[in-house]
Amino acid sequence: LAATCTTAIVQDLEMAGEWTLAFTWLEIAEEYQTQTRSWGGLAASYQWHGYLLIAYGMYGEALERLEQAVHYARLSTNRSALAWSWLNLADLSLRIDDPATAQMHSARARTFMEASEDRWGQAMVLGLQGDAAYSAGRYDQAREAYSAAVEVTMAGNPGLAVTLERKLARLASGRGFEAEA
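Residues numbered from 1 in each chain as written. Predicted model: local features only at pLDDT ≥ 70, side-chain atom pairs only at ≥ 80, totals over all residues. Heavy atoms only, no water.

*Asks:* Honestly, the nonpolar core in this entry has me stumped. Any pointers?
*Replies:* A general feature of soluble globular proteins is that nonpolar side chains tend to end up buried together. Ranked by internal contacts, the top residues of the largest apolar core, which has 36 residues, are Tyr72, Leu82, Trp86, Leu87 and Met113. At the level of elements, α1 (2-15), α2 (19-35), α3 (39-55), α4 (59-76), α5 (79-95), α6 (99-115) and α7 (119-135) are the ones that each hand at least two residues to this core. Broken down by element, this core gets its largest block of residues, 10 residues, from α5. In contact with tyrosine 72, other than residues within four places in its own chain, are Trp39, Leu42, Ala43 and Tyr46. (Core = buried A, V, L, I, M, F, W, Y, C linked by side-chain atoms within 4.5 Å. Buried < 20%, exposed > 50% of the residue type's maximum accessible area, 1.4 Å probe, protein only. Helix = DSSP H or I, 4+ residues; strand = E, 2+ residues; numbered from the N terminus. Contact = heavy atoms within 4.5 Å.)

*Asks:* Could you clarify how one ought to interpret α2 in this entry?
*Replies:* The α-helix winds at 3.6 residues per turn, so residues separated by three or four positions along the chain end up facing the same way. The end-to-end C-alpha distance of α2 is 24 Å, a good match for the 24 Å that 17 residues give at a rise of 1.5 Å each. All buried positions along α2 are accounted for by Ala22, Phe23, Leu26, Ala29, Glu30 and Gln33. On an axial view of α2, the arc spanned by its buried residues comes to 120 degrees, and they lie on one face. When the buried face of α2 is taken as reference, the exposed residues oriented beyond 90 degrees from it are Thr20 and Gln35. (Expected span 1.5 Å × (residues − 1). Arc of directions from axis to C-beta.)

Spelled out as structure tokens, the structure:
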């Protein structure tokens with residue numbers, strides 16, 4: 001219960017832009033989860049911590065947390081934390097210019113997102129796979145991934161669909177297809 005309450009505090013701090021405090025409170029939640037051997041909760045906290053570290057540009061620390069998240073997600077069979085950890089690892093790999101590793105992690109994440117019918121997760125994975133293909137110069141594959149992501153999001157998250165449509169327009173414009181853009 002203490003870890004659950006603590007993560008609610010972290011959410012509020014994150015939304016308020018209080019990153020330093022959010023990290024501190026996440027570490028408190030992780031300590032509670034370690035003490036109570038709540039491996040599934042610990043996996044989720046590590047995944048979230050890794051995600052925030054990526055957003056803050058702390059890639060080395062993010063990698064460490066996400067690897068811990070994968071370990072504890074497997075230990076606890078927390079498939080959601082595992083899928084989101086792989087998605088975050090894919091994002092991290094893309095940010096450090098490693099599209100091949102990004103593709104590998106995103107393929108793993110996609111399998112689990114689809115199995116759990118996590119439409120938001122599926123859209124995020126497809127968008128990231130589009131980003132990885134785009135950065136590797138595989139423009140047809142990028143277009144397919146972005147289009148698939150738009151299709152998935154239209155049912156549940158039109159706001160994300162707009163972002164993905166912008167990526168499709170950028171892709172079309174960059175390849176000389178201004179009419180399509």
